[in-house]
Number of protein chains: 2
Amino acid sequence: MTSHQAVPTLDDVAKAAGVSPATVSRSLNSPGLVSKSTLQRVKSAVDALGYTPHFGARSMSAKRTMTIGAIIPTMENAIFAKGIQAFQERLHSLGYTLLISSNSYDPEIEAEQVRTLASRGADGILLIGYWREEKVYEFLKQRNIPFLLAWAFAANNALPAIGFDNRASMYQLCDQVLAMGHRNIAVISGTTEGNDRATNRLKGITERLKVEGIDLASVPIIETPYDIDNGSDAFERLMRLPDRPSVVMCGNDVLAVGAMQRAQEMGIKIPSDVSITGFDGIELARVVTPKLTTVRVPHSEMGRLAADELVWMVESGEVGRSQELASEIVVEKSIISLA
Amino acid sequence: MTSHQAVPTLDDVAKAAGVSPATVSRSLNSPGLVSKSTLQRVKSAVDALGYTPHFGARSMSAKRTMTIGAIIPTMENAIFAKGIQAFQERLHSLGYTLLISSNSYDPEIEAEQVRTLASRGADGILLIGYWREEKVYEFLKQRNIPFLLAWAFAANNALPAIGFDNRASMYQLCDQVLAMGHRNIAVISGTTEGNDRATNRLKGITERLKVEGIDLASVPIIETPYDIDNGSDAFERLMRLPDRPSVVMCGNDVLAVGAMQRAQEMGIKIPSDVSITGFDGIELARVVTPKLTTVRVPHSEMGRLAADELVWMVESGEVGRSQELASEIVVEKSIISLA
DNA sequence: AGACTCAATGAAAGCGCTTTCATGATGGAG
DNA sequence: CTCCATCATGAAAGCGCTTTCATTGAGTCT
């Protein structure tokens, strides 16, 4: 089992093709510099030997790895799936390979992953959201590794980001909820600590309610990690409140779907008894009954644009340009108008 | 912007700590060989400089990369998400890094990804299912890269695999469907070409129906890629058939949820008008109304076990041991008993 | 026909690390 | 006290590739 038939190297190819290693390297990387006939011979030798360039060696001599890293909070639910898929597809067509890692929303692990990606020579890195320890940004800058933030956008922040305004989007959704006559509002927010998206979504709600003159002290707010079951439990707690809310606004679709689940189990009718809203516009929101009122985010577009921008940063060496994407309020049957 | 403050190297650390590069290397990789005091000085130097080992260089001198690759068909829906998440978490705790790539069920791309992972020095590779071109397996063997298959298990196949028996599982589900009195059955299968899981699931149904003495020619079967909308469309076509089936068995939960969606749009009641079944037991199946009758697969367990086994293969050099996992028929409200 | 340009190729250095191998110091055994 | 393990460390080779720099030969121009 440990019989190592040596992996063919570039030198082997050179020998087989009767040329110098330099020529093989050129044939592979800048075929324009090599004559047709030589190119042909090299190609044959490569095929015959089943040669694959050694990535480590290559990354050591060349300065580029054609690799982009992405660090996302989770792969478990679909929040990032669609966007990352689009990101990866675009990268692939640009000739780059994507390295993904996820960290269960743990900033320690995230910081470690940044170092790992740097070690591996990632030409650029995609991060989710703004908030993380300053030292992470410092490390990236010191290492001169281009990075881009996604899934968030804040006009007042200089870091390059491609995403949407979480606060404004949720503010708008809250607008809609108020316009439909709801005044007795409860909130199930994602964990806000260290999470700018969750924090800003919550802020979008509270700011809008304040404008409306609603006493925030009277608004029940439960914070919990993004997870279906947590959404269910939070919903149940809200329903046991003496003053039952007419609408429960959730920090994302996963929480909202969890809430709808529990509602059904408890025999609470959505939306006639209670209205529910989500955020993200993932597939889940479309398939539940009734369909979920939510904020639809342009996942795929965001992924594609992020890929384009990050590659541009890498190749041009220029500083990244931020871009705000529009989100869209989608009103479905999970909310009822009291007006 | 292009001001390169050189990335610190191991030599820099050596200089800063006043020791030889060899000692630094040892401090990092086999601290046991280095004296306490030296170790301490090296550690300080590493921190002071913010040193990170260069992965390419390391992988060139060492034979291991502590990297495992996984190639999955898709990240877009949740079919693989949970299992891969568990896989990655286990790998992480074993000290390995996971490299994921997805290929939209394209075997060409998959073959390319295998070579890419080999290039990058993956110590081992996880693949989904059995079917792929023989040359891929030959390449892996020639390169002496341990690989493990997951999401499938076939007792008669020698390749190491950790998964469940797709055929037998679907056979059992079909058992259940028949036991509930259904005889007029239609099928929405995933694309079977090049996909052993889809093929075997379909086979599980047809074999069981044959045993029952049902004429297969009379059983409508639609093949379509795994996607919600495809499930919807296929369902609609089935419903337009003159002899409407009493149950639609779907190749996975995604197709089934698509079917349920369209049923609702068409005003067809599930399960009173038509029953629907899925396969996989992903979250989606739990949140739709009514809940989906499906085959629950132990995603997380499979991911963990696969990580353990693959790492064991890598570290021991032994040939991988296959393991069959049990699946579970989950009967929910999406199916009605005609008996 | 001589001088020159340019395309195609090779020689060799060097990227940052690990790992023999060799060396010096230390300390216990005889 | 001398000898020999033993431990901690250093010197240096080499991993597989890319990339200057130099060289050659062929074509171009006058």
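Remember, predicted model here, so these are calculated numbers, not experimental data.

Chemist: How should the overall build of chain A be read in this particular structure?
Modeler: The helix and strand inventory of chain A stands at 13 helices and 12 strands. Over its C-alpha atoms chain A spans a radius of gyration of 25 Å, topping by over 25% the 20 Å that the globule rule assigns to 339 residues. Taking the principal axes of the C-alpha coordinates as reference, chain A spans close to 85 × 45 × 35 Å. Expressed as a percentage of contacts within chain A between residues at least 6 apart in sequence, the contacts between residues at least 24 apart total 71%.

Chemist: Explain the interface of chain A and chain B here, please?
Modeler: Interfaces are often sized by the accessible area lost when the parts come together. The interface is formed by 48 residues belonging to chain A together with 47 residues belonging to chain B. Elements with a minimum of two residues in the side of chain A that touches chain B: helix 4 (55–61), helix 5 (81–93), strand 2 (97–102), helix 6 (107–119), helix 7 (134–142), helix 11 (253–266) and helix 12 (283–287) of chain A.

Chemist: Whenever I open this one, the environment of B:Ile79 confuses me. Can you help?
Modeler: By secondary structure assignment, the location of B:Ile79 is in the loop between strand 1 (67–72) and helix 5 (81–93). Beyond its immediate chain neighbours, meaning those up to four positions away, B:Ile79 contacts B:Thr74, B:Asn252, B:Val254, B:Asp280 and B:Ile282.

Chemist: Looking at this model, I keep getting lost on the domain arrangement of chain A. Mind explaining?
Modeler: Each domain of chain A was delimited in the assignment, giving domain 1 (10–53), domain 2 (67–164 + 299–325) and domain 3 (166–296). Inter-centroid distance (C-alpha atoms) of domain 1 of chain A to domain 3 of chain A is 61 Å.

Chemist: Any chance you could explain the protein's contact with DNA strand C here in plain terms?
Modeler: The local shell around DNA strand C holds 27 residues, among which B:Thr9, B:Leu10, B:Ala22, B:Ser25 and B:Ser61 are the closest. Counting residues per element, the ones that place at least two in the surface near DNA strand C are helix 2 (21–29) and helix 4 of chain A together with helix 1 (10–17), helix 2 (21–29) and helix 4 (55–61) of chain B. A total of 6 residues in the surface near DNA strand C trace back to one element, the largest contributor, which is helix 2 of chain B. Looking at side-chain class alone, the surface near DNA strand C contains 14 nonpolar, 10 polar and 3 charged residues.

Chemist: Is there a simple way to explain the relation of the copies chain A and chain B in this structure?
Modeler: To go from the first copy of the chain to the second, apply a rotation about an axis and then a shift along the same axis. If you rotate chain A by 180° and push it 0.0 Å along the axis, it lands on chain B with an RMSD of 0.1 Å. Expressed as an axis order, the relation between the two copies is that of a two-fold axis. For chain A, the minimum C-alpha distance to the rotation axis belongs to A:Gly56 and amounts to 1.8 Å. Here 98% of the interface residues in chain A have copies in chain B that are interface residues too; the copies meet face to matching face.

Chemist: Help me understand unusual backbone geometry in this model?
Modeler: In the segment running from A:Ile270 into A:Pro271, the intervening peptide bond is cis, with an omega of 5°. If you trace the backbone, A:Pro271 turns up in the loop between helix 11 and strand 9 (275–277). The omega angle of the peptide bond from B:Thr289 to B:Pro290 is -10°, so this bond is cis rather than trans. With respect to the element layout, B:Pro290 can be found in the loop between helix 12 (283–287) and strand 10 (294–296). In this structure, A:Tyr105 takes a positive phi of about 60° despite not being glycine. Among the secondary structure elements, A:Tyr105 is positioned in the loop between strand 2 and helix 6. What makes A:Tyr105 partly exposed here is the crowd of 19 C-beta atoms within 10 Å. For B:Met66, which is not a glycine, the phi torsion comes out positive at approximately 55°. Along the polypeptide, B:Met66 turns up in the loop between helix 4 and strand 1. Using a count of 18 C-beta atoms within 10 Å as the deciding quantity, one classes B:Met66 as partly exposed.

Chemist: What should I look at first to understand the sheet that holds strand 5 (residues 161–163) of chain B in this one?
Modeler: Strand pairing in a sheet is mediated by backbone hydrogen bonds. Such pairs are either parallel or antiparallel. Residues and elements named next belong to chain B. Reading across the sheet, the 6 strands line up as 2-1-3-4-5-11 and stay open at both edges, with parallel pairing between neighbours. Strands with a single pairing partner mark the edges of an open sheet, and in this sheet they are strand 2 (97–102) and strand 11 (323–324). Summarising the sheet, strand 5 and strand 11 pair through 2 bridges and their orientation is parallel. Paired with Ile 162 across the strands is Gln 323, a residue of strand 11. Most of the contacts of helix 13 (residues 299–316) go to strand 4 (residues 147–150), to which it runs at about 165°, and overall it touches strand 1, strand 3 (124–128), strand 4, strand 5 and strand 11.

Chemist: Whenever I open this one, the nonpolar core confuses me. Can you help?
Modeler: In summary, soluble globular proteins display a tendency toward joint burial of nonpolar side chains. A:Val248 and B:Val248 are the most contacted members of the largest nonpolar core, which has 178 residues in total. Ignoring anything within four residues of it in the chain, the contact list for B:Val248 reads B:Ala186, B:Ile188, B:Phe235, B:Leu238, B:Ala259, B:Val274 and B:Ile276.

Chemist: Teacher, can you tell me more about the packing of helix 5 of chain A against helix 13 (residues 299–316) of chain A here?
Modeler: When two helices pack together, their arrangement is given by the angle between the helix axes and the distance between those axes. All names here are of chain A. Interhelical geometry of helix 5 versus helix 13 gives an angle of 35° and a closest axis separation of 7 Å. The handedness of the crossing between helix 5 and helix 13 is right-handed. Here helix 5 contributes Lys 82, Gly 83, Ile 84, Gln 85, Ala 86, Phe 87, Arg 90 and Leu 91 to the contact with helix 13, which in turn contributes His 299, Ser 300, Met 302, Gly 303, Arg 304, Ala 306, Ala 307 and Asp 308. Split into classes, the residues belonging to the contact of helix 5 with helix 13 amount to 7 nonpolar, 5 polar and 4 charged.

Chemist: Which parts of the structure should I look at to understand the protein's contact with DNA strand D?
Modeler: In the vicinity of DNA strand D there are 27 residues, among which A:Thr9, A:Leu10, A:Ala22, A:Ser25 and A:Ser61 approach most closely. The set of elements that each furnish at least two residues to the surface near DNA strand D consists of helix 1 (10–17), helix 2 and helix 4 of chain A together with helix 2 and helix 4 of chain B. For the surface near DNA strand D, the element with the most residues is helix 2 of chain A, which contributes 6 residues. When its residues are assigned to classes, the surface near DNA strand D shows 14 nonpolar, 10 polar and 3 charged.

Chemist: Whenever I open this one, helix 8 (residues 166–179) of chain B confuses me. Can you help?
Modeler: The α-helix winds at 3.6 residues per turn, so residues separated by three or four positions along the chain end up facing the same way. Residues and elements named next belong to chain B. Between its first and last C-alpha atoms helix 8 spans 20 Å; for 14 residues at 1.5 Å apiece the expected length is 20 Å, and the two agree. When we look at burial in helix 8, the residues that qualify are Asn 166, Arg 167, Ser 169, Met 170, Tyr 171, Leu 173, Cys 174 and Val 177. Contacts from the buried residues of helix 8 go to strand 6 (185–189), helix 9 (196–212), strand 8 (247–250), strand 9 (275–277), strand 10 and strand 12 (328–330). Of the residues flanking the end of helix 8, it is Gly 181, one or two places downstream, whose phi is positive at about 95°.

Chemist: What is the right way to read the packing of helix 8 of chain B against helix 9 of chain B from this model?
Modeler: Residues and elements named next belong to chain B. Remark: helix 8 packs on helix 9, axes separated minimally by 7 Å, with the N-to-C direction vectors making an angle of 40°. One finds that helix 8 runs oblique with respect to helix 9. The interaxial crossing formed by helix 8 with helix 9 has right-handed handedness. In this structure, helix 8 contributes Asn 166, Arg 167, Ala 168, Ser 169, Met 170, Tyr 171, Cys 174, Asp 175 and Leu 178 to the contact, and helix 9 contributes Arg 197, Asn 200, Arg 201, Lys 203, Gly 204, Ile 205, Glu 207, Arg 208, Leu 209 and Glu 212. In terms of residue class, the contact of helix 8 with helix 9 is built from 7 nonpolar, 4 polar and 8 charged.

Chemist: Quick question: what am I supposed to make of the sheet that holds strand 9 of chain A here?
Modeler: All names here are of chain A. As summarised here, the arrangement of the 4 strands in space is 7-6-8-9, forming an open sheet in which the pairing is parallel. Only two strands of the sheet have a single partner each, and these edge strands are strand 7 (221–224) and strand 9. For this sheet the average axis-to-axis angle between neighbouring strands, irrespective of direction, equals 15°. As paired elements, strand 6 (residues 185–190) and strand 8 (residues 247–250) share 4 bridges and run parallel to each other. Following the sheet pairing, Val 187 is matched in strand 8 by Met 249. Helix-sheet contacts for helix 9 (residues 196–212) involve strand 6 and strand 8, and the interaxial angle to strand 6 is about 165°.

About the cut-offs
- Residues numbered from 1 in each chain as written.
- Chains lettered and ligands numbered in written order.
- Predicted model: local features only at pLDDT ≥ 70, side-chain atom pairs only at ≥ 80, totals over all residues.
- Helix = DSSP H or I, 4+ residues; strand = E, 2+ residues; numbered from the N terminus.
- Rg over C-alpha atoms; globule rule 2.2 N^0.38 Å.
- Contact = placed C-beta atoms within 7 Å.
- Domains from an automatic or database assignment.
- Near = placed C-beta within 6 Å.
- Nonpolar A, V, L, I, M, F, W, Y, C, P; charged D, E, K, R; others polar.
- Least-squares fit on C-alpha atoms with pLDDT ≥ 70 in both.
- Buried ≥ 20, exposed ≤ 12 C-beta atoms within 10 Å, placed from the backbone.
- Pairing = 2+ DSSP bridges.
- Axes fitted to C-alpha atoms, helices over the stretch in contact; angles between N-to-C directions.
- Core = buried A, V, L, I, M, F, W, Y, C linked by C-beta atoms within 7 Å.
- Left-handed = near helix turned anticlockwise from the far one by under 90°.
- Expected span 1.5 Å × (residues − 1).
- Parallel < 35°, antiparallel > 145°, perpendicular 65-115°, else oblique.

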